[in-house]
Amino acid sequence: MVIVVQVMHTAAKAVSSTLEVVVVGSACRHHLSLQALLDRLQHVDLIPAIWPVLRDYVAVLQAIAFNFGTCDSDTTPVGTTTVGDPRPLFGSVTYSSDIYDCVQANVVALTYDDGPYIYTNQLLDTLDNFGFKATFFITGNNLGKGGIDTTAPYPALIKRMVAAGHQVASHTWSHYDLSTLTGTQRVQQMVKNERAIANIIDKYPTYMRPPYSSCTPASGCTTDMQALGYHRTFFDLDTQDYLNNDATLIRNSKNIVNWALGNASQGSDYLSIQHDIDFQSVTNLSSYYFELIRAKGWTGVTVGQCLGDPETNWYRIPGTGQAAPVSLSVASPSSSSTSVSSSTSFASAITSSSTITPSTATTSISTTTAPVATPSCDFVSRQFCGQYQQFYNRVGCNAAQQDCLAQWNTCLGVGTRTGCAEWKRDCYLLSMYCGRCGRSCSTKGFRASQE
Ligand SMILES: [Zn+2]
């Protein structure tokens with residue numbers, strides 16, 4: 001679902017070893033010394049001793065791909081750049097706070113990240129069959145698929161999305177962790193995608209979702225997104241399809257949505273994340289999920305619809321930056337802003353060639369047994385056993401924080417609402433700890449800081 005990077009290392013523990021860095025599915029393939037690698041990774045506290053586990057850190061490896069050679073990110077769509085466009089803010093939905101919740105009742109905002117891809121057409125068929133709408137957080141050029149505006153069948157797919165009333169939103173040009181980029185790189189990641197999308201539908205989005213759910217205030221990302229006129233869109237239901245892209249494992253995602261819908265009171269809603277680059281999500285989970293939504297009397301909608309934001313506010317006209325009128329107007333009955341002050345990045349959608357260990361908590365929907373607290377749990381809520389991933393430096397701390405939030409999503413399936421909120425607060429504290437920590441920080445140190 002993301003750029004998967006493999007680092008081949010033969011006897012790589014010596015600094016002089018030559019490494020081969022491969023961005024799977026793209027033209028990126030680089031040979032470099034470990035020292036050269038370390039020299040480029042200036043934004044992280046990285047020491048050679050952690051090299052054996054380095055490949056576990058996708059964000060770090062993305063930085064490698066970003067800094068070497070010709071990668072997806074180096075291509076630029078044709079046409080006048082939108083970088084200088086005026087960016088007036090439309091409507092009443094927040095641009096300053098992270099969005100993770102709908103304001104409309106009895107809806108699921110269905111969102112799909114990382115596409116379009118070879119399964120997207122089938123997903124559009126399934127959505128049509130149910131009469132549901134979705135939001136596609138599109139990446140312009142990643143996974144080696146070529147630019148969306150120049151590579152068939154993507155332009156036709158994106159036109160089909162808009163014609164069918166779905167929402168096209170941005171997931172950046174090539175799926176880097178925005179919090180690790182410079183401001184200039186970050187803007188490029190947004191405006192390249194704008195140009196490519198406008199090359200197809202003559203307008204570009206005002207909604208975005210940061211890859212890995214990473215867009216921190218400290219990095220300048222949140223203010224950059226606001227300056228570019230983007231709503232930062234997250235989610236409150238992670239179906240974990242990317243962790244379960246297997247004919248058997250997808251049952252875990254079905255259990256999550258089954259539990260989530262079964263326990264949602266009428267009048268509530270979800271903002272749900274899936275990935276149309278995952279075969280099992282498209283061909284197996286989607287119809288199961290949509291059937292549950294329909295059976296509950298709810299509807300699958302776009303993010304804009306779920307926020308009560310009229311479709312004209314979803315896009316800008318290149319050049320003028322003004323709101324894009326729609327021929328097929330989908331007026332919403334109300335609009336409101338959400339206020340979420342937390343800047344915490346939510347559970348990320350990370351796939352690595354090795355291990356960012358998913359939560360080990362069960363996603364079983366039968367929760368009749370009492371919780372069993374074991375000494376290894378850092379936090380317990382009913383069947384949820386939260387555990388901080390081991391770390392010994394800032395890189396590991398950031399990974400543990402991402403893992404913590406992934407566990408929060410699992411908690412929503414098996415823990416209590418209050419308990420999960422407590423765990424999420426702990427994840428936020430962990431992120432604060434990571435922000436402060438130097439090379440000496442550790443799981444043990446964080447636990448001590450909580451006492
Ligand atoms: Zn993504």
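Summarised in this report is the structure supplied together with it. (Residues numbered from 1 in each chain as written. Predicted model: local features only at pLDDT ≥ 70, side-chain atom pairs only at ≥ 80, totals over all residues.)

Thoughts on the pairing of strand 6 (residues 167-170)
Walk down a regular strand and you will see the side chains alternate between the two sheet faces.
Here is step 1: The alternating pattern of strand 6 places Q167 and A169 on one face and V168 and S170 on the opposite face, and all of these are buried.
Here is step 2: The pairing of strand 5 (residues 135-138) with strand 6 spans four bridges and is classified as parallel. The residue of strand 6 that forms the bridge with F136 is V168.
Here is step 3: Taken together, strand 5, helix 5 (residues 154-163) and strand 6 form a β-α-β motif whose crossover is right-handed. (Buried ≥ 20, exposed ≤ 12 C-beta atoms within 10 Å, placed from the backbone. Helix = DSSP H or I, 4+ residues; strand = E, 2+ residues; numbered from the N terminus. Pairing = 2+ DSSP bridges. Right-handed = clockwise from strand over helix to strand, strands pointing away.)

Structural notes on the environment of Q450
Here is step 1: Mapping Q450 onto the fold places it in helix 13 (residues 443-450).
Here is step 2: When the 12 C-beta atoms within 10 Å are taken as the criterion, Q450 is described as exposed.
Here is step 3: Taking the C-alpha atoms as reference, Q450 lies 8.6 Å from L429; in sequence the two are 21 residues apart.

What to know about unusual backbone geometry
Here is step 1: The linkage connecting G115 with the following residue, P116, adopts the cis geometry, with an omega of 0°.
Here is step 2: With respect to the helices and strands, the residue P116 is situated in the loop between strand 4 (107-113) and helix 4 (120-130).
Here is step 3: Each neighbour pair has its own omega, and for A152 with P153 the value is 5°, a cis peptide bond.
Here is step 4: Within the element layout of this structure, P153 appears in the loop between strand 5 and helix 5.
Here is step 5: Within the chain, S213 stands out as a residue other than glycine whose phi angle is a positive 50°.
Here is step 6: Looking at the element boundaries, S213 is found in the loop between strand 8 (207-208) and helix 7 (221-227).
Here is step 7: Even without glycine at this site, Q240 takes up a positive phi of about 55°.
Here is step 8: Secondary-structure assignment places Q240 in the loop between strand 10 (237-238) and helix 8 (250-262).
Here is step 9: On the basis of neighbour counts, which here come to 28 C-beta atoms within 10 Å, the residue Q240 falls in the buried class.

A look at the packing of helix 11 (residues 394-414) against helix 12 (residues 417-436)
In a packed pair of helices, the relevant descriptors are the angle between the two axes and the axis-to-axis distance.
Here is step 1: Contact pair helix 11 / helix 12: the axes reach a minimum separation of 9 Å and the direction vectors enclose 170°. Compared by their axis directions, helix 11 and helix 12 come out roughly antiparallel. Every residue of helix 12 that contacts helix 11 at R394, C397, N398, A400, Q401, C404, L405, W408, C411 and L412 is listed here: G419, C420, W423, K424, C427, L430, S431, Y433 and C434.
Here is step 2: Tallied by class, the residues present in the contact of helix 11 with helix 12 amount to 13 nonpolar, four polar and two charged. (Axes fitted to C-alpha atoms, helices over the stretch in contact; angles between N-to-C directions. Parallel < 35°, antiparallel > 145°, perpendicular 65-115°, else oblique. Contact = placed C-beta atoms within 7 Å. Nonpolar A, V, L, I, M, F, W, Y, C, P; charged D, E, K, R; others polar.)

Let's talk about the packing of helix 4 against helix 9 (residues 279-295)
Here is step 1: Interaxial distance between helix 4 and helix 9 falls to 10 Å at its minimum, and their mutual angle equals 15°. The pairing of helix 4 with helix 9 is recorded here as roughly parallel in orientation. Note on packing geometry: the crossing formed by helix 4 with helix 9 is right-handed. Of the residues in helix 9, those touching helix 4 at Q122, L123, T126 and F130 are V282, T283, S286, S287, F290 and R294.
Here is step 2: Along the lines of polarity and charge, the residues of the contact of helix 4 with helix 9 split into four nonpolar, five polar and one charged. (Left-handed = near helix turned anticlockwise from the far one by under 90°.)

Examining helix 9
Here is step 1: The end-to-end C-alpha separation of helix 9 is 24 Å, in line with the 24 Å expected for 17 residues at 1.5 Å each.
Here is step 2: Of all the bends in helix 9, the greatest measures close to 50° and is centred on L285.
Here is step 3: Residues of helix 9 that are buried make contact with strand 4, helix 4, helix 8, strand 11 (269-275) and strand 12 (299-301).
Here is step 4: G297 sits one or two positions beyond helix 9 and adopts a positive phi of about 85°. (Expected span 1.5 Å × (residues − 1). Bend = angle between axes of the 7 residues up to and from the residue.)

Topic: the pairing of strand 11
Here is step 1: Strand 11 sits mainly inside the fold: seven of its seven residues count as buried.
Here is step 2: The two faces of strand 11 match: D269, L271, I273 and H275 on one face and Y270, S272 and Q274 on the other face are all buried.
Here is step 3: Here strand 4 runs beside strand 11; their pairing, made up of seven bridges, is parallel. Across the sheet, the residue bridging to V108 is Y270, located in strand 11.

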